[in-house]
Amino acid sequence: EETPVMRVVNQVFNDFKMIHPEFTFTLDSDVHSNPIVQIYRNHLEQVLIILLDNAVKYSTKRKEIHISAAEDMHNVQIAIQDFGEGISEEDVKKVFNRFYRVDKARSRDKGGNGLGLSIAQRLVEGYHGQISLESSVGYGSIFRITLPIDQHETDKHSEDEETNVIE
Ligand code: ATP
């Protein structure tokens with residue numbers, strides 16, 4: 001399926017702003033074209049929701065979440081940054097594993113089962129993208145997603161009068 005990435009990013013961003021008014025969400029986009037990626041819209045939504053849900057769940061003090069989007073010749077990058085509890089270097093290597101949770105006692109009350117990130121990773125990699133994590137305990141986390149642009153579809157639609165008409 002051909003999905004206009006920024007339309008989905010904007011929509012999920014607006015949903016989260018509405019659902020979590022106690023948080024400050026910002027969206028910073030350097031994407032000025034209308035890049036199309038080959039991913040089911042629902043799958044892209046799901047990945048963004050997993051990352052944003054986590055950002056909310058693991059930010060107990062500073063309730064700020066920053067989303068940024070950029071593109072180069074071949075890829076779109078979306079980054080989701082929080083200023084929450086962060087993840088240690090050792091755990092960064094493991095959080096994408098199925099059922100892995102950093103501190104079982106601490107995160108039990110947050111109601112997860114440790115599947116979210118493994119699902120996000122499988123979805124992104126299934127579409128030839130990448131997902132990475134940079135984090136520091138006490139400072140917060142940045143998850144980055146890279147998805148390849150479908151150049152052919154992007155060129156085809158770049159002549160549309162409205163840049164984001166396709167669904
Ligand atoms: P769910 O399956 O409902 O998503 P979960 O949040 O426990 O539950 P994952 O999304 O796979 O599962 O995350 C794995 C673990 O990584 C979490 O338990 C949490 O300890 C840690 N983690 C994930 N995102 C963040 C984040 N933004 N900040 C701090 N820790 C995080």
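Rules used throughout
- Residues numbered from 1 in each chain as written.
- Predicted model: local features only at pLDDT ≥ 70, side-chain atom pairs only at ≥ 80, totals over all residues.
- Helix = DSSP H or I, 4+ residues; strand = E, 2+ residues; numbered from the N terminus.
- Buried ≥ 20, exposed ≤ 12 C-beta atoms within 10 Å, placed from the backbone.
- Arc of directions from axis to C-beta.
- Contact = placed C-beta atoms within 7 Å.
- pLDDT = per-residue confidence, 0-100.
- Near = placed C-beta within 6 Å.
- Nonpolar A, V, L, I, M, F, W, Y, C, P; charged D, E, K, R; others polar.
- Pairing = 2+ DSSP bridges.
- Axes fitted to C-alpha atoms, helices over the stretch in contact; angles between N-to-C directions.

A closer look at the environment of F23
Part 1 of the argument: Topologically, F23 is positioned in the loop between α1 (5-19) and β2 (24-29).
Part 2 of the argument: In the structure, F23 is positioned 48 residues away from E71 in sequence and 27 Å away in space, judged by C-alpha atoms.

Quick word on helix α5 (residues 116-126)
Part 1 of the argument: Buried within α5 we find G116, L117, A120, Q121, L123 and V124. Down the axis of α5, the smallest arc covering the buried residues is 165°, so these residues share one side. Along α5, exposed side chains directed more than 90 degrees from the buried face belong to E125 and G126.
Part 2 of the argument: The secondary structure elements touched by the buried residues of α5 are α2 (41-57), β6 (130-136) and β7 (140-148).
Part 3 of the argument: Looking one or two places after α5, you find H128, whose phi comes out positive at around 65°.

Considering the confidence of the model for the protein
Part 1 of the argument: Predicted confidence across the protein gives a mean pLDDT of 91, with 90% of residues reaching 70 or more.
Part 2 of the argument: Predicted as a complex, the structure gets a pTM of 0.92 and an ipTM equal to 0.96.

Some details on the site of the ligand
Part 1 of the argument: For the ligand, the set of nearby residues contains 22 residues, the closest of which are N54, Y58, V102, G112 and G116.
Part 2 of the argument: The residue inventory of the shell around the ligand, partitioned by class, reads 9 nonpolar, 10 polar and 3 charged.

Some remarks on the sheet that holds β6
Backbone hydrogen bonds are what pair the strands of a sheet, in a parallel or an antiparallel way.
Part 1 of the argument: With respect to topology, 5 strands assemble into an open sheet ordered β2-β4-β5-β7-β6, the strand pairing being mixed. Edge positions in the sheet fall to β2 and β6, since each of these pairs with one other strand and no more. Pairs of neighbouring strands in the sheet enclose a mean axial angle of 15°, with direction left out of account.
Part 2 of the argument: Where strand β4 (residues 64-71) meets strand β5 (residues 75-82), 7 bridges bridge the pair, whose relative direction is antiparallel. Across the sheet, the residue bridging to S68 is A79, located in β5.
Part 3 of the argument: Each of β4, β5 and β7 is contacted by α2, which is oriented at about 20° to β5, the strand it contacts most.

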